[in-house]
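# Summary of the model geometry
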Amino acid sequence: MIKTVLAAAITLALGIAVGSNWSLVEGYISGKTPVESASSTLSEAPEKPLFYRNPMNPSITSPVPAKDEMGMDYIPVYPDKPKKKAEPLFYRNPMNPTVTSPVPAQDEMGMDYIPVYAEEDQGSSQEPAGTVKIDPVIVQNIGVRTTVAKKKQLFKQIRASGRITVDESRMTRLHPRTEGWVQTQQVSRVGHTVSKGDELIQIYSPQLVTSQQEYLLALENLKALKSSPYADIQAGAKEMADSAYQRLLLLNMPKQQIRTLRRTGKIRRAVSIESPFDGIALNVGVREGQYITPKTELFMLADLSRVWLLADVYEYELPWIKVGDTASMYITGLRESRFQGKVSYIYPYAESKTRTVKVRLEFDNLEGLLKPDMFADVTIDADARPDAIVVPSESIVRSGSREQVFVVRGAGKFEPREVELGYSSEGWVEVISGIEAGEKIVSSALFLIDSESKLREATAKMMEASKGDDATSTGDKDMSMGSMSMDAMTMDSKEAELSMDEKSLDSMSMEKPRSSDGMGDSQQ
């Protein structure tokens with residue numbers, strides 16, 4: 001028994017010796033000392049996990065290796081390796097990026113300055129100012145969405161409201177050409193429908209009666225002098241008859257009644273006033289027996305077979321519209337009816353109160369459904385703009401003096417790009433210059449990205465300014481070194497002045513002992 005124990009001990013000792021010698025030999029072969037070899041062996045040893053986590057439920061852990069119900073091994077969790085802490089370049093005021101400090105500080109409100117590290121400024125010389133770099137995880141958290149600038153045909157439908165009015169080219173106001181009285185009245189109410197040539201009223205005018213008598217006398221004179229041998233007399237008689245005829249026409253006597261007067265030779269006491277076209281009476285200004293003058297408006301007639309719509313269009317939509325554009329109109333009370341028309345005129349002025357411009361559209365109204373002063377909604381179909389580069393309107397950052405978008409340059413990297421905008425329609429904006437079709441831009445979370453971009457742009461400008469100040473200070477130092485001789489001369493002069501002062505002081509100090517000695521001698 002004792003022999004067996006001794007043999008086992010001897011075998012164990014021999015194994016340890018051989019293992020240690022082998023490690024020493026391996027260290028000498030690799031060029032390392034025994035201590036270095038041992039330390040490298042310890043560093044290469046596998047790291048011990050802190051605990052083990054359930055692969056399907058991370059909240060379940062185990063201090064030792066284990067398996068879940070499905071036989072899956074628990075995942076080991078190791079401690080995080082310490083990272084080397086980066087030193088900040090400087091500290092920036094959180095409210096004013098142009099204010100910096102080389103050491104940690106606080107602003108007037110007690111807010112800590114923000115450290116700016118070297119990696120934040122990497123690539124600033126190659127990238128445009130204001131380029132933003134955001135961790136992809138943060139990009140996902142703040143909800144950044146992107147879209148692609150593309151070419152498409154940009155349509156524009158301009159919606160406006162307006163009021164139906166009478167076509168002014170189809171409206172007339174009737175006034176008498178002479179004084180008189182209303183004898184009879186055939187049209188006595190507003191809205192009465194009339195046709196061309198219909199008798200409206202009959203008036204008695206002494207001037208008209210006199211003019212008829214003169215015309216009949218001129219006709220009799222012309223008939224009597226027709227066989228005269230003198231041509232001048234015949235021409236004079238004819239000229240008088242024509243003059244009397246023209247006077248009746250100027251007094252607005254209908255031609256048909258003049259022909260009747262010429263045929264019958266009987267003077268009409270009451271002369272008719274007829275309608276010049278088909279339409280309706282919009283205003284009746286007289287009644288039977290009323291005394292009238294040329295200032296009296298007898299009737300206002302209008303042809304409503306075609307009407308106008310005066311639409312109010314905003315200033316920013318006006319460049320889309322031109323004369324001849326088609327339009328469709330609907331009225332609240334006539335939802336089932338759609339009326340087609342076109343733009344006939346754009347007024348050359350704007351309304352001061354509404355800042356809108358009136359656009360006139362013409363619509364046919366053969367059925368008479370459209371009434372003056374009705375309100376209507378109109379949609380104007382403007383011409384399309386082909387092959388326009390468009391982006392969503394929400395992707396534009398408008399700062400008042402400029403418009404810009406953020407172009408995606410890579411994962412988490414966004415570049416601000418100033419753009420020139422054109423027309424807008426249905427949520428799309430035309431980009432005239434600044435980006436090309438196919439470029440990816442940011443369409444959401446623009447406020448956060450724009451704020452960070454402005455901070456980085458201000459920081460870049462500030463750092464450029466500081467570099468310029470450093471260069472200026474270096475140049476000043478060089479100039480002072482180059483003028484060493486001048487400084488030396490100044491120092492020599494100062495030393496000379498000091499030496500003179502020192503001499504005067506020495507002389508003063510020397511005089512005092514002499515006076516004291518003299519006093520001592522005299523006393524002695």
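Residues numbered from 1 in each chain as written. Predicted model: local features only at pLDDT ≥ 70, side-chain atom pairs only at ≥ 80, totals over all residues. Heavy atoms only, no water.

Bringing the overall build of the protein chain into the picture now. In terms of regular secondary structure, the protein chain is built from 8 helices and 29 strands. A sequence separation of at least 24 residues applies to 67% of the contacts in the protein chain between residues at least 6 apart. Total accessible area on the protein chain stands at roughly 34300 Å², and carbon and sulfur atoms take up 55% of it. (Helix = DSSP H or I, 4+ residues; strand = E, 2+ residues; numbered from the N terminus. Contact = heavy atoms within 4.5 Å. Areas by Shrake-Rupley, 256 points an atom, 1.4 Å probe, with all protein chains shown as cover.)

Turning our attention to helix H5 (residues 231-250). Look at H5: 29 Å from first C-alpha to last across 20 residues, which is about the 28 Å you get at 1.5 Å a residue. Where H5 is buried, its residues meet helix H4 (206-224) and helix H6 (255-264). (Expected span 1.5 Å × (residues − 1).)

Here Ser328 lies in strand S20 (residues 326-331). Apart from residues lying up to four places away in sequence, Ser328 is in contact with Arg338, Phe339, Gln340, Asp377, Val378 and Thr379.

Okay, the sheet that holds strand S5 (residues 100-101) next. Pairing is antiparallel across the open sheet formed by 3 strands, whose spatial order is S5-S4-S6. Both outer strands of the open sheet, S5 and strand S6 (114-117), are each paired with one neighbouring strand and no more. (Pairing = 2+ DSSP bridges.)

A word on the packing of aromatic side chains. One pass over the structure, following the stated rule, counts 6 aromatic pairs. Between the aromatic rings of Tyr314 and Tyr316, the centroid separation amounts to 6.2 Å while the plane-to-plane angle is 15°, which identifies the pairing as stacked. Classification of Tyr316 by relative accessible area gives exposed; the value is 56%. Relative to Tyr349, the ring of Tyr347 lies with its centre 6.0 Å away and its plane at 70°, an arrangement referred to as edge-to-face. Tyr347 gets classed as buried once you look at its relative accessible area, which sits at 17%. Ring-pair connections join several aromatic residues into one group, and the members of that group are Trp181, Tyr204 and Tyr291. Over the face of the ring belonging to Tyr204 we find Arg269, whose NZ or CZ atom lies 4.3 Å from the ring centre. Here Arg360 stacks its cationic end above the ring of Trp308, 4.1 Å away from the centre of that ring. (Phe/Tyr/Trp six-rings, centres within 6.5 Å; stacked < 30°, edge-to-face > 60°. Buried < 20%, exposed > 50% of the residue type's maximum accessible area, 1.4 Å probe, protein only. Lys NZ or Arg CZ within 6 Å of the ring centre and 35° of its normal.)

This part takes up the packing of H5 against H6. One can describe the packing of H5 onto H6 by two numbers: an axis separation of 10 Å at closest approach and a directional angle of 140°. Classified by the angle their axes make, H5 and H6 are oblique. Seen from above, H5 lies across H6 with right-handed handedness. Residue-level inspection shows Tyr245, Leu248 and Leu249 of H5 in contact with H6, the latter providing Lys255, Ile258 and Leu261. Split into classes, the residues belonging to the contact of H5 with H6 amount to 5 nonpolar, no polar and 1 charged. (Axes fitted to C-alpha atoms, helices over the stretch in contact; angles between N-to-C directions. Parallel < 35°, antiparallel > 145°, perpendicular 65-115°, else oblique. Left-handed = near helix turned anticlockwise from the far one by under 90°. Nonpolar A, V, L, I, M, F, W, Y, C, P; charged D, E, K, R; others polar.)

For the rest of this paragraph, the subject is the pairing of strand S14 (residues 199-204). As judged from the 4 bridges shared by strand S12 (residues 180-185) and S14, these two strands associate in the antiparallel manner. Following the sheet pairing, Gln185 is matched in S14 by Ile201. Direction of pairing for S14 relative to strand S15 (residues 270-274): antiparallel, over a ladder of 5 bridges. The residue bridging Ile203 from the neighbouring strand is Val271, located in S15.

A word on the sheet that holds strand S2 (residues 61-62). One open sheet holds the 3 strands; their spatial order is S2-S1-S3, and the pairing between them is antiparallel. Lying at the two open borders of the sheet, with one neighbouring strand each, are S2 and strand S3 (75-77). Here strand S1 (residues 51-53) runs beside S2; their pairing, made up of 2 bridges, is antiparallel. For Arg53, the partnering residue across the bridge sits in S2 and is Thr61.

Judged from the 5 bridges that link them, S20 and strand S21 (residues 334-350) form a sheet pairing that is antiparallel. If you follow Ala327 over to S21, its bridge partner there is Gly341. Where S20 hands over to S21, the hairpin turn is made up of 2 residues, counted between the paired strands. Bridge analysis of S21 against strand S22 (residues 356-364) gives 6 bridges, and the strand direction is antiparallel. Following the sheet pairing, Val343 is matched in S22 by Leu361. Counted along the chain from S21 to the antiparallel partner S22, the turn is 5 residues long, and its residue Arg355 has a positive phi close to 55°.

Before going further, it helps to spend a moment on the packing of H4 against H5. Across the interface, H4 lies against H5 with an axial gap of 8 Å and an inter-helix angle of 155°. In terms of their interaxial angle, H4 and H5 are classed as roughly antiparallel. By crossing handedness, the relation of H4 to H5 is classed as left-handed. Seen from H4, the contacting residues are Leu208, Ser211, Gln212, Glu214, Tyr215, Ala218, Leu219, Asn221 and Leu222; seen from H5, they are Gln234, Ala237, Lys238, Met240, Ala241, Ala244, Tyr245, Arg247 and Leu248. A breakdown of the residues in the contact of H4 with H5 according to their chemical character gives 11 nonpolar, 4 polar and 3 charged.

Of all residues in the protein chain, 74% attain a pLDDT of 70 or more, and the chain-wide mean is 78. Summarising per-element confidence for the protein chain, the mean pLDDT is lowest in helix H8 (residues 484-523) (41) and highest in S22 (95). Throughout residues 16-43 the model reports pLDDT below 50, and contacts reaching past four residues in sequence, or to other chains, amount to 7 contacts. Low pLDDT, under 50, characterises residues 477-524; the predicted model gives this stretch 1 contact beyond four residues in sequence or across chains. (pLDDT = per-residue confidence, 0-100.)

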